[in-house]
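The chain contents come next:
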Amino acid sequence: MSKQWLAAALLPWAAFAQNSSDTTDITIYNRVKQPATTVLAPVEVITKAEIERRQPKSVNELLTVLPGVQMGSSGGLGQQTSLFIRGTNSDQSLVLINGRPLASMVAGSPDLSQIPVASIERVEYIRGPRAVAYGANAIGGVINIITTTDVDIAKISLTGGSHDYVGTDLSINQWVSEQTRVQLGTGYQRTRGYDIQPDNDEPDRDGFHSRYARLGLEHELNREWSLFLGANGWDNQTRYDGAWGDISQNQSYQLDGGVQYQREGWLSRLDASYGESELRSWKESQGKETSEPLNTAIHKLSWLNQLRANEHSIFTAGIDWQNERIKSKSRSFGNAFNAPDRDNLGLFASAYWQLAPFSFELAGRTDDNEQFGRHNTWQATTALELPASHRATLSYGTAFRAPSFAQLYWPGFEAPKLQPEEAENWELGFAGQYELVGWKLNLYRNEISNLIQYQGPNMPHDNTDALIKGVELQLNADTGIVHHVVSFDYTDAEDKRNDNQQLLRRAKRKASWRGELDWLDAKWSLEALYVGKRNDQDFSSWPARDLVLPSYTLWNLAASYPLTSQLTLNGKVSNLFDKDYQNIFGYRAPGTEFYLGADYRF
């Protein structure tokens, strides 16, 4: 059997198991591959080629220019980072690794700074609620980080830079027979960092080092049956400034596998995954032996089926079972977490059909949460193809999120009366595509009930309500040899129980521009990011003092030059004009940073 056939057979399920270099195929929408023309929601794809051109050193830097995305970071590389999609909280967006949820989400929102960017082959990102496909947490959007690829490659990379930065990565993806492909990746990243809180009377350097590894195996049993096995893991250590600790260690791993049956018009897939995360913090002066673990785990089983009756209709249905738990050895100041295991069983189905010039999708899901009972979500979307390559879409969707174990059971700050968050989202979209220019305009209204809000240090969480209204405008254009990618976001995220104040750390206005060109035999990338004023609070005082963080604009420049067909030199300057700014009050963001590296392909 040919390698090309096996790649085609595995791709429909494996974006949860792999990457395709073709951006016209989208997996994140309904968890199986489908043409972008059948996707009735705003979706973005970051390919490996774009990652290599832009040369980000963190997931934060990779995602921050995407429409609808804002980041809150407490410093430089490896420092804690929060993700805000369309103004929602950081724990209201679902982050996946190869289609599987991260174990750290059991305790709260995932810290994107801990995911090694060198391991990423592709990112798929969908904006708006997608609970009908994924269940809880998909209120703001879904991001799937894909670490595998169907491209033969053997590459080693080495980079050095500011703050004594060193990064190295080895990636191997090879067919070992006509039926079997093996993937291996490993890497190391280290920086001594800088003092992220220079005003706290603790002069030091807050550095970060990370080690990661990934393994993958794909095998064709015959023309109809195939299987996949994979493993990802990382071990990170971050230095920071804190009252109760100044070193944290995050150790995480994920195991997954699946088997798929596919024949013409029909696909059936069974997946299983297990992930575990352990976070420890301690004072360097007292030693790691004084640290206490926060150890979380997540099991997931999924059975997914899809029927393509013809080129104009797609039917998808499946069942998910998920178990979340805080492991018994977890402690906070000597106290155990009184948190039971929590099961969730979900059933879902969707139907897509075309009746020119209209397209329709109707989807529904029911989740039986062991702790909070049954929640039903649904989504209805219609699209109208207009003359001259234009399209209009209208959609309505609901979503929910159960409180995390950390919000419910943190020792000493338990909040057992927290209610699940529920959301209703309306969205209107327009798009046009011409020979040299394409544009998209999305308007949305997301009403969230029982929004779980952080009240401040040493205080339990509480529920509030929020109304988020926004506009997103995107433009892609070619002028000569330069390809432009432009986006503008307006996000009005009101806290309804706090005099309609803008939710913390969310700018009303954000814009980005990225220019790409091939010039003088090199690949160039220049990008600009503008983030407007944001409300924040000084939590070092009691009660917390309200304040406004000023707007800022950043510029990044990257270039890569092939010395030979195998050896490529890379260079990047981040924060080109040394802008002094803060994402979170009291935490200094990095100034100008320089990087120089090389890639060698065997």
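Cut-offs used in this document
- Along every chain, residues carry numbers that run from 1 in the direction the sequence is written.
- The predicted nature of this model means local features are confined to residues of pLDDT at least 70 and side-chain atom pairs, given and counted, to a pLDDT of 80 or more, with totals for whole chains, interfaces and linings taken over all residues.
- Note that the side-chain values use all heavy atoms of the structure and ignore hydrogens as well as water.
- Secondary structure elements follow DSSP: runs of H or I no shorter than four residues count as helices, runs of E no shorter than two count as strands, and numbering proceeds from the N terminus.
- Note on contacts: a residue pair qualifies if any of its non-hydrogen atoms lie within 4.5 Å across the two residues.
- Only the protein chains shown count as covering a residue, and every accessible area follows the Shrake-Rupley method with a 1.4 Å probe.
- As used throughout, the charge tally considers Lys and Arg to be positive and Asp and Glu to be negative, leaving His and the chain termini uncounted.
- A charge is said to be at NZ when it belongs to Lys, at CZ for Arg, at CG for Asp and at CD for Glu.
- Whenever Lys or Arg places a side-chain nitrogen within 4 Å of a carboxyl oxygen from Asp or Glu, that contact is recorded as a salt bridge.
- Relative accessibility thresholds used throughout: buried, under 20% of the residue-type maximum; exposed, over 50%; partly exposed, between the two (1.4 Å probe, protein chains only).
- Any two strands are treated as partners once DSSP identifies two or more bridges connecting them.
- Each Phe, Tyr or Trp ring, with Trp reduced to its six-membered ring, pairs with another whose centre is within 6.5 Å; inter-plane angles below 30 degrees give stacked pairs, above 60 give edge-to-face pairs, and intermediate values give tilted ones.
- Put simply, a charge is over a ring when the Lys NZ or the Arg CZ is close to the ring centre, within 6 Å, and near the line of the ring normal, within 35 degrees.
- Confidence per residue, as judged by the predictor, is encoded in pLDDT with a range of 0 to 100.
- The term polar contact refers here to a pair of N or O atoms within 3.5 Å; inside protein, the definition further demands a hydrogen-donor-capable atom paired with an acceptor-capable atom, and it admits residues adjacent in sequence only when both atoms are side-chain atoms.

## What about the overall build of the chain?
- Broken down by element type, the chain carries 5 helices and 36 strands.
- A separation threshold of at least 6 residues defines the contact pool for the chain, and within that pool the share at least 24 residues apart is 60%.
- About 25100 Å² of surface is accessible on the chain, with carbon and sulfur atoms providing 57% of the total.
- One finds the centroid of the 57 positive side-chain charges in the chain at a distance of 1 Å from the centroid of its 72 negative side-chain charges.

## Overview of the pattern of salt bridges
- As enumerated under the stated definition, the model contains 40 salt bridges in all.
- The partner of Asp538 in a salt bridge is Arg545, with the nearest N and O atoms 3.3 Å apart.
- Classification of Asp538 by relative accessible area gives buried; the value is 11%.
- Judged by relative accessible area, Arg545 falls into the partly exposed class, the value being 43%.
- One salt-bridge network, in which partners are shared between bridges, spans Glu44, Arg86, Arg127, Glu427 and Glu472.

## Some thoughts on the sheet that holds strand β7 (residues 100-101)
- Strand order in the open sheet made by the 5 strands is β3-β8-β9-β6-β7, with mixed pairing throughout. Each end of this open sheet is capped by a strand with a single partner; those strands are β3 (43-46) and β7.
- In terms of strand pairing, strand β8 (residues 122-127) meets strand β9 (residues 141-146) through 6 bridges, oriented antiparallel. Counterpart to Arg122 in the pairing with β9 is Ile146.

## Comments concerning the packing of aromatic side chains
- As enumerated under the stated definition, the model contains 15 aromatic pairs in all.
- The interplanar angle of 55° and the centroid separation of 5.1 Å between the aromatic rings of Trp378 and Tyr396 together place this pair among those described as tilted. On the criterion of sequence distance, the pair formed by Trp378 in strand β23 (residues 373-386) and Tyr396 in strand β24 (residues 390-401) is long-range, its members being 18 residues apart.
- We classify Trp378 as partly exposed; its relative accessible area is 40%.
- Taken together, the aromatic side chains of Trp353, Phe358 and Phe360 make up a single cluster linked through ring pairs.
- In this structure, Arg86 packs its charged tip against the face of Tyr444, placed 4.2 Å from the ring centre.
- Looking at Arg506, its charged tip hangs above the ring of Phe84, at a distance of 4.4 Å from the centre.

## A few points about unusual backbone geometry
- The linkage connecting Ala356 with the following residue, Pro357, adopts the cis geometry, with an omega of 5°.
- Its location among the elements puts Pro357 in the loop between β21 (342-355) and β22 (358-369).
- For the bond from Trp542 to Pro543, the omega torsion is -5°, close enough to zero to count as cis.
- Here Pro543 shows up in the loop between β32 (534-538) and β33 (545-549).
- The phi torsion at Asp499 lies on the positive side, around 55°, for a residue other than glycine.
- Within the secondary structure layout, Asp499 lies in the loop between β28 (482-495) and β29 (501-502).
- Of the residues examined, Asp499 reaches a relative accessible area of 68% and is grouped as exposed.
- Despite not being glycine, Asp521 shows a phi value in the positive range, around 65°.

## Overview of the environment of Ile172
- Within the fold, Ile172 resides in strand β11 (residues 165-175).
- Spatially, the C-alpha atom of Ile172 lies 5.6 Å from that of Gln183, the residues being 11 residues apart in sequence.
- In this view, Ile172 contacts Ile153, Ala154, Val182, Gln183 and Leu184; residues no more than four positions away in its chain are not counted.

## Overview of the confidence of the model for the chain
- Model confidence for the chain is summarised by a mean pLDDT of 91, while 95% of its residues fall at 70 or above.
- Below pLDDT 50 for its whole length, residues 1-23 participates in 80 contacts with residues either more than four positions away or in separate chains.

## A look at the side chain of Ser171
- Examined against the element boundaries, Ser171 turns out to sit in strand β11.
- Side-chain polar atoms of Ser171 contact the side chain of Asp169, separated by 3.0 Å.
- If near-sequence neighbours (up to four positions away) are discounted, Ser171 is found in contact with Ile153, Ala154, Lys155, Leu184, Gly185 and Arg214.

## Quick word on the pairing of strand β15 (residues 247-263)
- Pairing geometry for strand β14 (residues 225-239) and β15, over 15 bridges, is antiparallel. The partner of Asn232 across the bridge, within β15, is Gln254.
- Where β15 lies against strand β16 (residues 266-282), 17 bridges are found, and the strand directions are antiparallel. What sits directly across from Leu255, in β16, is Tyr274.
- Linking β15 back to β16 in an antiparallel pair, the connection comprises 2 residues, with Gly265 at a positive phi of about 80°.

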